[in-house]
Amino acid sequence: MIDGLEIRPVRGIGDVTAGDDLAELITRAAPWLADGDVLVVTSKIVSKAEGRLVEVPADGPDREEARQRALAGETARVVARRGPTTIVQTHHGFVMAAAGIDASNVDKTHLVLLPADPDASARALRADLLRRGLDVAVIISDTMGRAWRNGLTDVALGAAGIEAFRDHRGEIDPYGNELSLTQMAVIDELSAAAELVKGKRDRVPVAVVRGYPRSAEGSGAAVLVRDSESDMFSLGTAEARASGLRAAAGLGDQRAANADPAAVERALDTVSGLLTAGVTRRPDGVRLTPAGDGPAALIRLGTDSHRLRAALAAEGVPTVATIDDDGTTLTFGDPS
């Protein structure tokens, strides 16, 4: 049980340049730092100290070209593009606008990249503070947008000396229900809380959270990155649609072991009113026949067949297409 938290800004750190000793700068600015505190450090000063800067022209088209090259270098996968905004997955696994590349709070001839390994940076800073006799946790934070929500908040990119999650799974709530999914991303929550006293214009890149109980060394912030197998939102809407259309263009033959009748009906509803071909349901598929004689009707039959195949595939019903002189049969299951 947490009775309360105190969040304090660390002022007076000043400009950070490549090679600076962050532990020295922080302890000098916050001599009141104490064992058990959680230090939340903006990733930008970590990047500056580590020399993660890209030199760019101060203005003009060459500046934008240099920014695009930097973005390409930091991008593992493009998630979505909307106008000038590009959402990408970085090589760390973070999904962020412009790969977290920042042009604020730095001179106009440089861009700031994210730390190459934020968890390693957090461990190094924690170790430097331990050598000074201070046992504090370190969180490296940056600002992100969120799916389904307007506005920005700070989240954790790296961490050391603190667990990333507060895991409630297996606990019983006051009504006797066992919690099965609840994992609170506490280092994200602490990052957001610390941002309240840091701000974007006040030149306060570090905050201290006091009163949060730490119980373990922690496994870093990388555990917060969702793997691709469980990521249900790995593409933007337009990109997911384009991916689906590309998949539809390359549909191959595959028989479904058991086609869900409701899924088949949904597919037929999708193309209802679009097909000119005759459609006959069969126990193991659908038979399509041309609406008339002549080449045009046969061409339209091919179009209708593929349209229905794509609709079935979208419902998770693969098909085998068999073409004969009289029509097309889409087989999606064994006769029952």
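Relevant structure appears above.
A brief look at the structure comes next. (Residues numbered from 1 in each chain as written. Predicted model: local features only at pLDDT ≥ 70, side-chain atom pairs only at ≥ 80, totals over all residues. Heavy atoms only, no water.)

Structural notes on the sheet that holds strand β8 (residues 137–146)
With respect to topology, 5 strands assemble into an open sheet ordered β1-β12-β2-β8-β9, the strand pairing being mixed. Two strands lie at the open edges of the sheet, namely β1 (6–10) and β9 (149–160), each paired on one side alone. Sheet twist, expressed as the average angle between the axes of neighbouring strands with direction ignored, equals 30°. Bridge count for β8 against β9 is 8 bridges, and the pairing is antiparallel. Directly across from V138, in β9, lies its bridge partner A160. Running at roughly 55° to β9, helix α4 (residues 118–131) makes contact with β2 (38–42), β8 and β9 of the sheet. (Pairing = 2+ DSSP bridges. Helix = DSSP H or I, 4+ residues; strand = E, 2+ residues; numbered from the N terminus. Axes fitted to C-alpha atoms, helices over the stretch in contact; angles between N-to-C directions. Contact = heavy atoms within 4.5 Å.)

Here we look at the pairing of strand β12 (residues 206–210)
In terms of burial, β12 is largely enclosed, as 4 of its 5 residues are buried. Two elements, β1 and β12, share 5 bridges in a ladder whose sense is antiparallel. Looking at the pairing, P9 lines up with A207 of β12. Pairing of β2 with β12 involves 4 bridges; the strand directions are antiparallel. Residue V41 lies in a different strand from β12, and its bridge partner there is V206. (Buried < 20%, exposed > 50% of the residue type's maximum accessible area, 1.4 Å probe, protein only.)

Considering the pattern of salt bridges
Per the stated rule, a full pass over the model turns up 20 salt bridges. D102 serves as the salt-bridge partner of K44, at 2.7 Å between the closest nitrogen and oxygen. A residue pair is termed long-range when its members are at least 10 positions apart, and K44 in helix α2 (residues 43–49) and D102 in the loop between β6 (95–97) and β7 (110–112) qualify at 58 residues. Residue K44 is classed as buried on the basis of its relative accessible area of 11%. One salt-bridge network, in which partners are shared between bridges, spans D21, E24, R28 and R132. (Salt bridge = Lys/Arg side-chain N within 4 Å of Asp/Glu carboxyl O.)

Regarding the packing of helix α7 (residues 261–270) against helix α8 (residues 295–314)
To characterise two packed helices, one gives the angle between the axes of the helices and the distance between these axes. The N-to-C vectors of α7 and α8 enclose an angle of 135°; their axes lie 8 Å apart at closest approach. In terms of orientation, α7 and α8 fall into the oblique class. Handedness of the crossing formed by α7 with α8: right-handed. Contacts between α7 and α8 involve V264, A267, L268 and T270 on the former and, on the latter, L308, A311 and L312. (Parallel < 35°, antiparallel > 145°, perpendicular 65-115°, else oblique. Left-handed = near helix turned anticlockwise from the far one by under 90°.)

Comments concerning the nonpolar core
Counting residues in each nonpolar core, the largest one holds 24 residues, and the members touching the most others are L22, I26, L39, V41, L125, L129 and V206. When residues in this core are grouped by element, the largest group, 4 residues, is from helix α1 (residues 22–29). Listed in part, the 16 residues of the second largest apolar core include A156, A164, L190 and A221. (Core = buried A, V, L, I, M, F, W, Y, C linked by side-chain atoms within 4.5 Å.)

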